[in-house]
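# Architecture at a glance
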Amino acid sequence: MKSAVETLNPTRVRLTVEVPFEELKDSLDAAYKKINQQVTVKGFRKGKVPARVIDQRFGRGAVLEEAVNDALPKFYTDAVNEAELNPLGQPEVDITELKDGETLNFTAEVDIRPAIEIPDYSGIEVEVDAVEVTDEDVDKAVEELRERFASTSPVERAAQDGDVVTIDLQAKVEGEVLEDGVADGVSYTIGSGELLDGIDDAVKGVEAGGEATFTSELKGGSAAGKEAEVTVKVTQVAARELPELDDDFAQLASEFDTLEELRADSRKRLENMKQYDQATQAQERVLEKLLELVEVPVPEKLLEDEINTRKHNLEHHQLGQMGLDLAKYLEIQGKTEEEFDAETREAAVKGIKTQFVLDELVKQEKLNVNQEELTEHLMRRAASSGMSPDQFAQAVVEQGQVPLLVGEVARGKALAAVVEKATVKDTNGEIVDLEDEEEDETAETAEAADAAEDKADEKAGEKTEG
């Protein structure tokens, strides 16, 4: 077999392959054997029909077609390996010549990973938020904990902000009660915003036994997105009582003996959270700077596939869970379809460039992934997916996704290596030393690298949920 490579553009090549006919022998034998098992010829036992009879009865062309279809993948793979290419996706194959007994010639066009040169990145500088925890931050954290330990007691008065009401709901659309529009004994805190728009104003001022009607757009269910007439009946009004902020509360809500110790622990937890956010911010901003330094051509077919995948996941998974379609989502976001397409394309381009650049760094820095790192990453992915580590690991193995996870960890290590050489300052002008979080960084940057690809989608999702 002889092959040659023609570069069509930085991300696409054409392979020209010439195969001597004798190299098709194994595939021809396999073709005759396969056809033998499929046909019946009078005078011959099944599977024992001679090749010359098959040629006469069914045509030599059918045999050649079967043989070529069987052989092409191997010859294509051999040509790719010989040229040391990194193909992306499936090739477009064209058989240019097939002469029985002489030769098989074909071409294969395929997208490839572009050659990328990583410049010196040691001079990257980024600014991140300073880690500052105020007394007000601590007060808010303690107050949130206090809210969780609130008690309720029934009261004989009209409902007001902050009360917990027990209610029965009935929703009608165009005068018809929805099958899934009836709910009894629902507990709702007025002002929480956890149910339908307009329900707070409807129940405020209503005593137990009273009811009110209001109009609201349904967020989910069989009539999601439609205007409904909702009748709400209040069966109980209960006032929330917060515990006193004292040492007794500290002992009730934590392992600490005093309120002062509880506040100190809350401050430390907030500092840790902000340090983690700061490290994540550093990773994201260093990655953005790195991408600015590198010229990365993006294969059009790969980009098209990535855009379609992102749209499919948004429409059929994220929005579906929220009871929305794309049109409603765009209305909530205040975006046109053209703006959405442009943002999706931009996010897809960034995601592809991120993977290409970090993969090149993995190769350049000769980074390896050990079993401990892979196991740790697997545990984190399992936790985020809501599966047990054993279940997640089994699914990964069955779906052949172990190399995918290894790639994620390796890219995370590559990003960590770049962050380590970057200069990171906070908004106060102070140098940020991320060494204290080095272990966490190495473990977390696999997620950070992937998250950078989808950040636009995540922000849109958060805005919709809000």
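Above this text is the structure in question.
Being a predicted model, the structure only gives us computed values, none of them experimental.

### A look at the packing of aromatic side chains
- Per the stated rule, a full pass over the model turns up two aromatic pairs.
- An angle of 90° between the planes, with centres 6.2 Å apart, marks the rings of Phe149 and Phe249 as edge-to-face. Of this pair, Phe149 sits in the loop between helix 4 (135-148) and strand 6 (151-154) while Phe249 sits in helix 6 (residues 247-253), and the two are 100 residues apart along the sequence.
- On the accessibility criterion, Phe149 (29% relative accessible area) is partly exposed.
- Judged by centre distance (6.3 Å) and plane angle (80°), the ring pair of Tyr329 and Phe340 falls under edge-to-face. Taken together, the positions of Tyr329 in helix 9 (residues 326-333) and Phe340 in helix 10 (residues 337-364) put the pair 11 residues apart, joining distant regions of the chain.
- Using a relative accessible area of 3% as the deciding quantity, one classes Tyr329 as buried.

### Overview of the pairing of strand 8 (residues 176-189)
- Note: strand 7 (residues 164-173) against strand 8, eight bridges, orientation antiparallel. Opposite Gln170, over in strand 8, you have Val182 as the bridge partner.
- Connecting the antiparallel pair strand 7 and strand 8 is a turn made up of two residues, with Glu174 showing a positive phi of about 55°.

### Observations regarding unusual backbone geometry
- Unusually for a residue other than glycine, Glu174 sits at a positive phi of about 55°.
- For Glu174, a relative accessible area of 79% gives the class exposed.
- The phi dihedral of Lys366 is positive, around 55°, even though this residue is not glycine.
- Residue position: Lys366 is located in the loop between helix 10 and helix 11 (371-385).
- Residue Lys366 is classed as exposed on the basis of its relative accessible area of 68%.

### A few points about the packing of helix 7 (residues 259-293) against helix 13 (residues 402-421)
- Running from N to C, helix 7 and helix 13 cross one another at 90°; their axes reach a closest spacing of 10 Å. The pairing of helix 7 with helix 13 is recorded here as roughly perpendicular in orientation. Facing helix 7, whose interface residues are Gln283, Val286, Leu287 and Leu290, helix 13 presents Leu415, Val418 and Val419.
- Taken together, the residues of the contact of helix 7 with helix 13 break down into six nonpolar, one polar and no charged.

### A closer look at the environment of Ala108
- Looking at the element boundaries, Ala108 is found in strand 4 (residues 103-112).
- What makes Ala108 buried here is its relative accessible area of 0%.
- Separated by 95 residues in the primary sequence, Ala108 and Val13 place their C-alpha atoms 8.2 Å from one another.
- Those residues in contact with Ala108, other than ones at most four positions away along the chain, are Val13, Arg14, Leu15, Tyr76, Pro91, Glu92 and Val93.

### Re the pattern of salt bridges
- Counting across every chain of the model gives 34 salt bridges.
- For Arg240, the salt bridge goes to Glu147, with nearest N and O atoms at 2.9 Å. With Arg240 in strand 10 (residues 227-241) and Glu147 in helix 4, the pair connects residues that are 93 residues apart, well separated along the chain.
- A salt bridge links Glu306 to Arg310; the shortest N-O distance between them is 2.9 Å. Of this pair, Glu306 and Arg310 are both found in helix 8 (residues 300-321), four residues apart, which corresponds to roughly one turn of the helix.
- Glu306 gets classed as partly exposed once you look at its relative accessible area, which sits at 25%.

Rules used in this analysis
- Residues numbered from 1 in each chain as written.
- Predicted model: local features only at pLDDT ≥ 70, side-chain atom pairs only at ≥ 80, totals over all residues.
- Heavy atoms only, no water.
- Phe/Tyr/Trp six-rings, centres within 6.5 Å; stacked < 30°, edge-to-face > 60°.
- Helix = DSSP H or I, 4+ residues; strand = E, 2+ residues; numbered from the N terminus.
- Buried < 20%, exposed > 50% of the residue type's maximum accessible area, 1.4 Å probe, protein only.
- Pairing = 2+ DSSP bridges.
- Axes fitted to C-alpha atoms, helices over the stretch in contact; angles between N-to-C directions.
- Parallel < 35°, antiparallel > 145°, perpendicular 65-115°, else oblique.
- Contact = heavy atoms within 4.5 Å.
- Nonpolar A, V, L, I, M, F, W, Y, C, P; charged D, E, K, R; others polar.
- Salt bridge = Lys/Arg side-chain N within 4 Å of Asp/Glu carboxyl O.

Read these as layout, nothing more, since geometry by itself doesn't imply function.
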